[in-house]
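Remarks on the overall topology
The residues making up each chain are set out below.
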Amino acid sequence: MITNTRGFLWSDLETRALLEIWGEADVQSALDGNFRNSHVYRDVACRLAELGFERTPEQCRIRIKGLKRQYYQAREGLKKNGHARKICKYYEEMDRILSCRQGGHGLDGHGVAERPLTPAGVMVVAATAAVGDESHLQPAMVLAAPPSARQSGFRNSRQADPEEQDDEDDDEDKEEDEDGGELESSPPDNFQDDSGECSSYADHAIKVECPPFAIPIPPAESFKQINAHTNETPLLSQAKRSKKRHANLTLDKMMEKFLQQSMDTEEKFYKYEEQRLKIEDKRREAEHARELQMLQMLGQMLAGISSTVSQRSQFVPSNPSQRSNHRSYGENFNYNSMTTTLSPPIVIERSFSVHKTHSIKEMENIFQLVRNVIPPLTAKKHKGQDGRIGIVGGCQEYTGAPYFAAISALKVGADLSHVFCTKDAATVIKSYSPELIVHPVLDSPDAVREVENWLPRLHSVVIGPGLGRDDLLLEHAKGIIEKSKVKGIPIVIDADGLWLIAQQPSLIQGYPRAILTPNAMEFSRLYEAMLRDPVDNNDYHGCLLRLSQALGNLTIVQKGERDLISDGEKVLVCSHEGSSRRCGGQGDILSGSLGVLAHWAFLAGPEKTNGQNPFLVAAFGACSLTRQCNNQAFQKFGRSMTASDMVLEIGTAFNKLFET
């Protein structure tokens, strides 16, 4: 394991400041006779902090302990070979403090001073100084005693003289208690890494012997001297160092080899992935070729069917009296049931992938038509030019639905998104996102007039998300639909807005710029309200065509396992891959996206949509985008996926489908 040395590296200036504080007279006096001295080192740390050096009391104690050990080893080295400074950089400062504490002269290389102790077993020093250009150190409270020789320093002496081992243990236990106030060893100090002052000691082998030291005994007795010697030779220390360096070199080589292998493996992985993608692209190209062939065959079949229908239509009775038994819906729209019976629904089914798509003429490439209607991003545009969408809905019970619709419109590419909701829901919806413009007017008496003032600024309106079924709110929604129809604004109706249409179909009947987005239950309710018959589960395409025609060829998106889209003339099937997760809010994301794409498609004109119904193209694009978001979010979150996760995927899904 790698030892944590954070905070234990001392600079030269910090060390000298610590020695000046530790050598003051009041500090040494406080250390004299105190076995519990942690409070003393707390005061040392405080004084050191006044000089601008942040250290903990434990770090100060360990640093002093290490310096004392270096000093004693240097003193022994000075007696042997005179190389004290190579062992201890701060030898003179330590010698001055400890010599004064011993009450004798310092070491000058001609002899070794004895270390008499007071009856309490501690030494006393008096010194005050300033550190370089720093401010003078302030006298403080009580400080701690210096550490004694480490236990490891006397290990060899115990082996050489086993009879004195018990005395040495007693002495070391007392000095440990003086240093930290606890009978436990401090973390080992590394002379080489401590502060950089002992590099010469690491490079030259020195025979280190522990100096004579005194064992405190009762005042009535004298001091017993114990000489500790070490038998470790320089050759042995050099052998250990060389072995460590050899181990380090081996570890470096192993790490280098491991990194090289990792790079090779990663490179192979990318090569295999590239090959896999190429194979996948070829497979998808083959699928597209098969789809094109099927579409061509389908076109031929439709041409044959059309000729048959034209022949049979000659036999349709032209006398109005003979057609009196046929149903008529709406004021300006007559539905011919016999023609519908004879005319099979025109169905174009297309499943698009996220990767390559191919340009197909006319109706075979609805997906390319969606790309055509998306406006390019240019610096010449101004705010609001790419879409200002209005969401009508949001009450006290339902605040999430209008938010999902409005934020989806912004994520798809609209510049501004307005939410017209009740006063109770306004604060909640506004708290969801600062990008939304929230109008708390839907439950006010003049709500229709308030919204009508904003209609000239809006490009499309989405009515229904979170609307609720309160009579007042439904009445206001009805008025907003009427005002929007007068101004010719595209209208997307979803959720509770469809409940209103099921109660009053004439409200939207015959308005070609309306898009309905019912789910299975809402579709069944609309179908029964308009055609007075239940839905034929074996003919969803026919039912969708009949409902659209009954409503005046409105664009209807029947949401389900596969989204069916029809304008009364043809049926598009969007079977883009989604997921099996059906969480709340997905329909709101679809309606908000559809509001933006409807504006873009309507604005693009027939040349961009190849003469096709622009709302049919917009609906197909919105369904594909919603399914792609659903698929991407499900891949990340699985069963825990929510509508909020889908919102986060709108940007990447849009790029994959329409801009790559």
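Further up the page is the structure itself.
The paragraphs below set out a description of the structure included in this document. Being a predicted model, the structure only gives us computed values, none of them experimental.

Structural notes on the overall build of the protein
Each helix and strand in the protein was counted, giving 24 helices and twelve strands. Going through the 660 residues of the protein one by one, you find that 46% of them count as buried. Intrachain contacts of the protein at a sequence separation of at least 6 include 70% that bridge at least 24 residues.

Some points on helix α20 (residues 540–550)
Within α20, nine of the eleven residues are buried, which leaves the element mostly enclosed by the surrounding structure. All of the buried residues in α20 are H541, G542, C543, L544, L545, L547, S548, Q549 and A550.

A few points about a nonpolar patch on the surface
Among the surface-exposed residues, M255, F258 and L259 lie close enough to one another that they form a single nonpolar patch of about 310 Å² accessible area. For F258, the position within the fold is in helix α11 (residues 234–312).

Topic: the packing of aromatic side chains
Counted according to the given criterion, the structure contains nine aromatic pairs. Through a chain of ring-to-ring contacts, the aromatic side chains of Y71, Y72 and Y91 assemble into a single cluster. A cation over a ring is seen here: R55 above W10, with NZ or CZ 4.3 Å from the ring centre. Just above the ring of W499 sits the side chain of R469; from NZ or CZ to the centre is 3.9 Å.

Things to note about the pattern of salt bridges
Side chains bearing opposite charge may pair, as long as their charged atoms lie close to each other. The final tally for this structure, using the stated rule, is 23 salt bridges. Between D446 and R449 there is a salt bridge, and its shortest N-O distance comes to 2.5 Å. One salt bridge connects K559 with D494, and the closest N-O pair in it is separated by 3.5 Å. Within this pair, whereas K559 is found in the loop between β10 (555–558) and β11 (563–566), its partner D494 is found in the loop between β8 (491–493) and α18 (496–503), the two being separated by 65 residues in sequence.

Points about the environment of T56
Its location among the elements puts T56 in the loop between α3 (38–50) and α4 (57–80). Taking the C-alpha atoms as reference points, T56 and Y41, separated by 15 residues in sequence, lie 8.5 Å from one another.

Quick notes on the packing of helix α14 (residues 400–412) against helix α21 (residues 586–604)
Look at α14 against α21: their axes get within 7 Å of each other, and the N-to-C directions meet at 40 degrees. As the angle between them shows, α14 and α21 are arranged oblique. Helix-helix and strand crossings are classified by hand; for α14 and α21 the assignment is right-handed. On the side of α14, the interface is formed by A401, F404, A405, S408, A409 and V412, while α21 contributes D588, I589, S591, G592, S593, V596 and W600. Here the contact of α14 with α21 is composed, by residue class, of eight nonpolar, four polar and one charged.

A closer look at the packing of α21 against helix α22 (residues 614–637)
Direction vectors running N to C along α21 and α22 enclose 140 degrees, while the axes themselves pass 8 Å from each other. Note on packing geometry: the crossing formed by α21 with α22 is right-handed. For the pair α21 and α22, contact is made by Q586, I589, L590, S593, L594, L597, A598, A601 and F602 and by P614, F615, A618, A619, G621, A622, C623, L625, T626 and N630, respectively. Residue composition of the contact of α21 with α22, by class: 14 nonpolar, five polar and no charged.

A short note on a negative patch on the surface
Taken together, the side chains of E397, D424, D470, D471 and E475 make up a negatively charged region of the molecular surface. Following the sequence through the fold, E397 ends up in the loop between β4 (388–392) and α14. For E397, a relative accessible area of 59% puts it in the exposed group.

A word on helix α19 (residues 520–531)
Taking 1.5 Å of rise per residue, the twelve residues of α19 would be expected to cover 16 Å, and the 16 Å separating its terminal C-alpha atoms lies within 8% of that figure. For α19, the full list of buried residues reads E522, F523, L526, Y527, A529, M530 and L531. One side of α19 holds all its buried residues, which, seen down the axis, span an arc of 165 degrees. More than 90 degrees from the buried face of α19, the exposed residues found are A520 and M521. Check the buried side of α19 and you find it contacts α18, β9 (514–516), α20 and β10. Put simply, N519 is the residue that caps the front of α19, since its side-chain oxygen is 3.2 Å from the backbone nitrogen of M521. Positive phi appears at R532, one or two residues downstream of α19, with a value of about 60 degrees.

What about the pairing of strand β5 (residues 416–421)?
Of all six residues making up β5, five are buried, and the element is well covered by its neighbours. For β4 and β5, the ladder comprises five bridges, and the chain directions are parallel. Bridge pairing links V392 to F420 in β5. Traced from β4 through α14 to β5, the parallel crossover comes out right-handed. Looking at chain direction, β5 and strand β6 (residues 437–440) are connected through four bridges and run parallel. The residue bridging H418 from the neighbouring strand is I437, located in β6.

Some points on the nonpolar core
Within the largest apolar cluster, 61 residues are counted, with the highest numbers of intra-cluster contacts made by L436, I565, F620, L625 and F658. At eleven residues, α22 tops the list of elements feeding residues into this core. Sequence-distant contacts of F658, defined by excluding residues within four places in its chain, comprise F367, V370, R371, I374, G621 and L625. Residues F420, V451, I481 and F523 belong to the second largest nonpolar core, which totals 45 residues.

Quick look at the layout of surface pockets
Approximately 500 Å³ is the volume found for the second largest pocket. Along its surface, the second largest pocket is lined by 22 residues, and K559, R582, C583, Q586 and G587 are the ones closest to its centre. Here the lining of the second largest pocket is composed, by residue class, of five nonpolar, ten polar and seven charged.

Digging into the pairing of strand β7 (residues 460–463)
Burial along β7 is two-sided: S460 and V462 and V461 and I463, pointing in opposite directions, are all buried. Direction of pairing for β4 relative to β7: parallel, over a ladder of four bridges. Across the sheet, V392 pairs through a bridge with I463, a residue of β7. Relative to β8, β7 is paired through three bridges, and the arrangement is parallel. Directly across from V462, in β8, lies its bridge partner V492. Note that the unit made of β7, helix α17 (residues 471–487) and β8 has a crossover that is right-handed.

About the thresholds
Residues numbered from 1 in each chain as written. Predicted model: local features only at pLDDT ≥ 70, side-chain atom pairs only at ≥ 80, totals over all residues. Heavy atoms only, no water. Helix = DSSP H or I, 4+ residues; strand = E, 2+ residues; numbered from the N terminus. Buried < 20%, exposed > 50% of the residue type's maximum accessible area, 1.4 Å probe, protein only. Contact = heavy atoms within 4.5 Å. Patch = residues over 30% accessible without salt bridge, like charges linked within 9 Å, V, L, I, M, F, W, Y side chains within 5 Å. Areas by Shrake-Rupley, 256 points an atom, 1.4 Å probe, with all protein chains shown as cover. Salt bridge = Lys/Arg side-chain N within 4 Å of Asp/Glu carboxyl O. Phe/Tyr/Trp six-rings, centres within 6.5 Å; stacked < 30°, edge-to-face > 60°. Lys NZ or Arg CZ within 6 Å of the ring centre and 35° of its normal. Axes fitted to C-alpha atoms, helices over the stretch in contact; angles between N-to-C directions. Parallel < 35°, antiparallel > 145°, perpendicular 65-115°, else oblique. Left-handed = near helix turned anticlockwise from the far one by under 90°. Nonpolar A, V, L, I, M, F, W, Y, C, P; charged D, E, K, R; others polar. Lys, Arg positive; Asp, Glu negative; His and termini not counted. Charge placed at Lys NZ, Arg CZ, Asp CG, Glu CD. Expected span 1.5 Å × (residues − 1). Arc of directions from axis to C-beta. Polar contact = N/O pair within 3.5 Å; in protein donor to acceptor, adjacent residues only side chain to side chain. Pairing = 2+ DSSP bridges. Right-handed = clockwise from strand over helix to strand, strands pointing away. Core = buried A, V, L, I, M, F, W, Y, C linked by side-chain atoms within 4.5 Å. 1 Å grid on protein atoms, 1.4 Å probe; cavity = no way out; pocket = protein on both sides within 12 Å on 5 of 7 lines; lining within 4 Å. Points joined across faces, edges and corners; volume = space filled by probe spheres on them.

Everything listed here is a matter of geometry and, on its own, says nothing about what the molecule does.
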